[in-house]
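Architecture and fold: a report
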Amino acid sequence: MPFGVTNTPAVFMDLMNIVISPYLEKFVVVFIDDILVYSKNNREHAEHLRIILQTLRQEQLLPKLSKCEFWLKSIAFLCHIISKKGISVDPSKIQAVKTGQF
């Protein structure tokens, strides 16, 4: 889409929700231009990544690999830290609220 189109993020998110719809909330979450793939173990994760990357390729959607991160044990996503321990609020966000620097 051309730069400057104000609805670009919403259009892209709608496209991603259509393309990834069979897998949403099963092992993938899409938010604007972020795709989060989650799994219980490494073997399952390898399969989930294969499915998502293959689906994107079939739809001629190419991720920018320099922006991709794979096989993380924890990740900051939407102001939360997600890990095998569960979901918690990102401590840096709590500090920002405490100090009024948000």
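As the structure is a prediction and not an experimental result, all values here were calculated from the model.

Section: the pairing of strand β3 (residues 74-77)
The two faces of a sheet get side chains in turn, since along a regular strand they alternate between them. In terms of strand pairing, β3 meets strand β4 (residues 80-83) through 4 bridges, oriented antiparallel. By the bridge assignment for β4, Ile75 is matched with Ile82. With antiparallel pairing between neighbouring strands as the criterion, β3 and β4 make up a hairpin whose turn holds 2 residues, including Leu78 at a positive phi of roughly 50°.

Overview of a nonpolar patch on the surface
There is a patch of nonpolar side chains on the surface, built from Leu53, Leu65, Phe70 and Trp71 and spanning about 400 Å² of accessible area. Within the secondary structure, Trp71 sits in the loop between α2 (42-58) and β3.

Topic: α2
Given a rise of 1.5 Å per residue, 17 residues ought to cover 24 Å, and the 24 Å separating the end C-alpha atoms of α2 matches this to within 8%. Taken together, the buried positions of α2 are His45, His48, Leu49, Ile51, Ile52, Thr55 and Leu56. For α2, the arc enclosing every buried residue in end-on projection is 160°, short of the 170-degree limit, so these residues lie on one face. Opposite the buried face of α2, at more than 90 degrees from it, the exposed residues are Arg43, Arg57 and Gln58. Next to the buried residues of α2 lie α1 (8-19), β1 (28-31) and β2 (34-37). Positive phi shows up at Gln60, right after α2, with a value of about 60°.

The rules behind the values
In every chain, residue numbers begin from 1 and rise along the written sequence. pLDDT decides what is reported in this predicted model: residues at 70 or higher carry local features, side-chain atom pairs at 80 or more are listed and counted, and totals for whole chains, interfaces and linings draw on all residues regardless. As a convention, hydrogens and water are excluded, and side-chain values are obtained from all of the structure's heavy atoms. DSSP calls a pair of strands paired once it identifies at least 2 bridges connecting them. In this description a helix means any DSSP run of H or I spanning at least four residues, a strand means any run of E spanning at least two, and both kinds are numbered starting from the N terminus. Like charges are joined within 9 Å and nonpolar side chains (Val, Leu, Ile, Met, Phe, Trp, Tyr) within 5 Å, but only among residues with over 30% relative accessible area and no salt bridge; these make up the patches. With residues, only the protein chains shown are counted as cover, and all accessible areas are computed by Shrake-Rupley using a 1.4 Å probe. Take a side-chain nitrogen of Lys or Arg and a carboxyl oxygen of Asp or Glu: if they are within 4 Å of each other, that pair is a salt bridge. The length a helix should cover is 1.5 Å for every residue beyond the first. Here the term buried applies to any residue with accessible area under 20% of the maximum for its type, exposed to any over 50%, and partly exposed to those in between, with areas from a 1.4 Å probe on protein chains only. When we speak of the arc, we mean the arc of directions from the helix axis to the C-beta atoms. By definition, residues are in contact when any of their heavy atoms lie within 4.5 Å.

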